[in-house]
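Chain by chain, the residues run as shown.
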Amino acid sequence: MFGLPIIDIVVIIGYFLVIIFIGMWSMRHIKNQEDYFLAGRRFGKLVQTFAAFGQGTSVDTAVGVSMSTYTNGASGIWMSLLMIFATPMYWLTSPWFRRLRLLTMGDFFEERYGSKRMAALYSIVGTVGMMAAIAIAFTAMSKTIVAITPKDVDQFTQEERIEYQRAIELEKLESIDYATLSAVERSKLVDLQLENPRKIFSHIPETALIWFICLVVIIYAAAGGLEAAFLTDLLQGMFIIFLSLLMLPFAWGKINTMFGGHNIKDALEIIHHRLPESFIDITGSPTAIDFTWYYIAALTLMSVIGVVIAPNMLVATGSAKDEFTARVGFTTGNFMKRFCTVLWGLFGLAAIVLYSQTVHNPDFVWGYATRDLLGPLNMGLVGLMIACLMAALMSTADCLMITASSLLTHNIYRPFIIGKSERHYVLMGRISGALVVLGGALIATQFDSLFVIMKFAWEIYIVVTASFWLGMKWRRANRKAAWASMIATLLVFSLGQMLVPAFFPSLRTNPDFLKMTHPDPLTRIYTAHEMDVEERQRQIEKWEELDMQGKAISQKPMPINVGEKFTKIEKLPQKPIYWTQGIKKDKDGNKYGCGFISPELVLIDKLGFDLTKNPFALNETLRILIRTIFPFAVLFLVAFFTKPDDKKRLDRFYAKMKTPALIDHEEDAKELALSYENPHRYDHIKLFPNSNWELYKWDKEDTVGFLLSVVVLIAIIGMLYVAVAIGG
């Protein structure tokens, strides 16, 4: 059935039954909005840890990191690992959300700036962000399961056969040194790259699979609320860790079998000796398409600033019973993810050795490897892997669904529909949550690239980052400045990039907006590894084939041996400058820009800077830096020329943020009342007592926890360096 043995089907069905049962069981505890959206703030360290791990770790992280590493080499690990530099900050910021004592992140904007409309705007931005994150998970899961359940060639439809042949032709052309291609072959290569034909077709349609998983998530998460989501995260987090550990031993074992190794150290040495030198450069080879060191640095800056403002941050930490639990759970859960990220990256490197000549679409590498490594055992491990992938997806989707539904219900629906019962608002939370998951599934069906959706999700929160950070730490940040920052950023970088092509569709076909990068060839000297030698031999064979046909247009490549220095000229692929989903061709062969436009890059180009000469990663770095800095610059500028907000409201807000949150609700309320009566009660902890900056001195818990987090950070990166460097 669906190309899977019965034992795999049984494992998958059993998993779904358990998940649905948890949702129905949790439903009995829900009496009000706090029970549904924050599980009564009663979770301890274990559940908080796996909740943070589960909602931050989805199928897209395992599949996405492996995909990126498979494409870019070791530097591709940074697609997810770049967030490790933000993780020690979680030790410091997690108490913020517990001290807010609010139901949603939207409430922060209402309380800090005194604006329900601002809370509503944040709720819309946050909901789109949650839907995008759900879409990423759906896309990664569907592509992987498609690769696990492929049709045989003789089962293809006529249309699938034609597309398959074009994919084979594309693979053949891409495997040949570009310099040896004829003019006709070069033109054909460009056309096929724009078309990007599929090679793998599944027994299970991608769209049908997405909608099925969507339905299951809605059933158990809408029924049981955050308690169901967090309890399934506990189960699913264990599945995800198992998923992370499952593939590597089999991959290393196959490498040892193929190349004569005997243990893990041998497998790592074989990987190091076989991979090209540029593929084991962790900091980013100059030939890496996406992850150069400067792009990694820009993404790190954006992630450190933006991740804190995501709506699920308050859910993950605000549901803890106290501040210390919030700190330990969220920081530990995220470090667990960073550790697993290293394992996924190491698997990606192993996959290059095993499948570089077989799998040319990196989106399918995890699924292909699952079938190749686990399928022959016929022990239900393929079914277990599918269950793990679905667990990873649903552990994220359920939390994001509850988070977004709380925003829509509490900050948009309730202010307009007042005076209803708690049961009514919980019902609306369930309905809005279902709509969020459906929206995520719809977004997933509109994108054909996992990485494109990821970049879209990373950048959504720039609209509100400055208003949050400066609102939390700078008294001069006022309502007018916050509105100016949010609206300007929204118009320029969110609505602008979507609406401009909609109102001016001719831009999509205007030659000035179809510019591609034409980076100069890069000349590098490498030490030859085994795959370099094999690649050079294929180039020689291709040259000899063309020479026999009288078509050779370059000098014959010279053989190289392992350990020799050789010069390699890298022709980086051309990439579209302005369009997020690239440039494609219509049925008449006319090129058009696809997706959203990047207004900041248009501006830079119009100012006279030639972006066509830049590597794609450099253009992306410029775009990210502009988007990150812009909202802060606007808020600072407007705040200096407008009056501060009401002092009483500011005193009340910052008095609360300096008052530790206690486990006992009655005692916590008493302490909070004392702070409201005397807003200057904790002014002695301010780092700059007479300034507008609300920066607080660290206590022993702050210092020790942060330093331990830095030690763990260094240890994880060190583990990555050691594992990749073995054999060097």
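Owing to the predicted nature of the structure, the values given are computational and were not obtained by experimental measurement.

Draft legend 1. Structural view of the overall build of the protein. Looking only at helices and strands, one finds 27 helices and four strands in the protein. Put simply, the protein has 728 residues, and 58% of those count as buried. Taking the contacts inside the protein whose residues are at least 6 apart along the sequence as the reference set, 82% of them involve residues at least 24 apart. Total accessible area on the protein stands at roughly 30,000 Å², and carbon and sulfur atoms take up 64% of it.

Draft legend 2. Summary view of the packing of aromatic side chains. What the rule picks out here adds up to 23 aromatic pairs. On the basis of an interplanar angle of 65° and a centroid distance of 5.8 Å, the ring pair of Phe108 and Phe653 is categorised as edge-to-face. With a gap of 545 residues between them, Phe108 in helix 7 (residues 105–113) and Phe653 in helix 25 (residues 647–657) connect regions that are remote in the sequence. As far as burial versus exposure is concerned, Phe108 and Phe653 are alike and both buried. Measuring from ring centre to ring centre gives 4.9 Å for Trp474 and Phe636, while their planes differ by 45°; the resulting arrangement is tilted. Linking Trp474 in the loop between helix 20 (462–473) and helix 21 (479–503) with Phe636 in helix 24 (residues 616–640), this pair joins segments that are 162 residues apart in sequence. Among the aromatic side chains, those forming a connected cluster through ring pairs are Trp96, Phe97, Phe108, Phe109, Tyr113, Tyr122, Phe468, Trp469, Phe653 and Tyr654. The side chain of Arg112 reaches across the aromatic face of Tyr113, ending 4.8 Å from its centre. Just above the ring of Tyr676 sits the side chain of Arg652; from NZ or CZ to the centre is 3.6 Å.

Draft legend 3. Highlighting unusual backbone geometry. In this structure, Arg101 takes a positive phi of about 55° despite not being glycine. Within the secondary structure layout, Arg101 lies in the loop between helix 6 (87–100) and helix 7. Overall, the relative accessible area of 17% leaves Arg101 in the buried class.

Draft legend 4. Representation of the nonpolar core. Formed by 151 residues in total, the largest nonpolar core has its most connected members in Phe138 and Phe468. Among the elements that take part in this core, helix 15 (residues 323–355) stands out by supplying 15 residues, more than any other. Residues in contact with Phe468, not counting those within four places in the same chain, are Trp96, Phe97, Met105, Phe108, Phe109, Val308 and Ile309. In this structure, Phe513, Trp579, Ile583 and Ile597 belong to the second largest nonpolar core, which totals 13 residues.

Draft legend 5. Layout of helix 24. Between its terminal C-alpha atoms helix 24 stretches 37 Å, which fits the 36 Å expected from 25 residues at 1.5 Å a residue. The sharpest bend along helix 24 comes to roughly 25°, located at Ile629, with the proline Pro631 sitting one to four residues further on.

Draft legend 6. View of the pattern of salt bridges. The full count for this structure, using the stated rule, is 26 salt bridges. Of the charged contacts in the structure, one is a salt bridge between Asp651 and Arg475, with a shortest N-O distance of 3.1 Å. Here Arg475 lies in the loop between helix 20 and helix 21 and Asp651 lies in helix 25, a separation of 176 residues in the sequence. Accessibility classification places Asp651 together with Arg475 in one group, the buried group. Of the charged contacts, one joins Arg649 and Asp645 as a salt bridge, the two residues approaching to 3.4 Å between their closest N and O atoms. The structure contains a network of salt bridges with shared partners spanning Arg475, Lys647, Asp651, Lys658, Asp683, Lys686 and Glu694.

Draft legend 7. Here's a closer look at the packing of helix 7 against helix 20. The contact between helix 7 and helix 20 brings their axes to 11 Å, and the two run at 55°. When the axes of helix 7 and helix 20 are compared, the pair comes out oblique. The element helix 7 and its partner helix 20 pack so that their crossing is left-handed. Contacts from Met105, Phe108, Phe109, Arg112 and Tyr113 in helix 7 reach Val464, Ser467, Phe468, Leu470, Gly471 and Met472 in helix 20.

Draft legend 8. Main features of the environment of Tyr654. With respect to the helices and strands, the residue Tyr654 is situated in helix 25. Given the relative accessible area of 0%, Tyr654 is considered buried. Separated by 28 residues in sequence, Tyr654 and Tyr682 have C-alpha atoms that sit 9.6 Å apart.

Rules used throughout
- Residues numbered from 1 in each chain as written.
- Predicted model: local features only at pLDDT ≥ 70, side-chain atom pairs only at ≥ 80, totals over all residues.
- Heavy atoms only, no water.
- Helix = DSSP H or I, 4+ residues; strand = E, 2+ residues; numbered from the N terminus.
- Buried < 20%, exposed > 50% of the residue type's maximum accessible area, 1.4 Å probe, protein only.
- Contact = heavy atoms within 4.5 Å.
- Areas by Shrake-Rupley, 256 points an atom, 1.4 Å probe, with all protein chains shown as cover.
- Phe/Tyr/Trp six-rings, centres within 6.5 Å; stacked < 30°, edge-to-face > 60°.
- Lys NZ or Arg CZ within 6 Å of the ring centre and 35° of its normal.
- Core = buried A, V, L, I, M, F, W, Y, C linked by side-chain atoms within 4.5 Å.
- Expected span 1.5 Å × (residues − 1).
- Bend = angle between axes of the 7 residues up to and from the residue.
- Salt bridge = Lys/Arg side-chain N within 4 Å of Asp/Glu carboxyl O.
- Axes fitted to C-alpha atoms, helices over the stretch in contact; angles between N-to-C directions.
- Parallel < 35°, antiparallel > 145°, perpendicular 65-115°, else oblique.
- Left-handed = near helix turned anticlockwise from the far one by under 90°.

In short, geometric facts, not functional conclusions.
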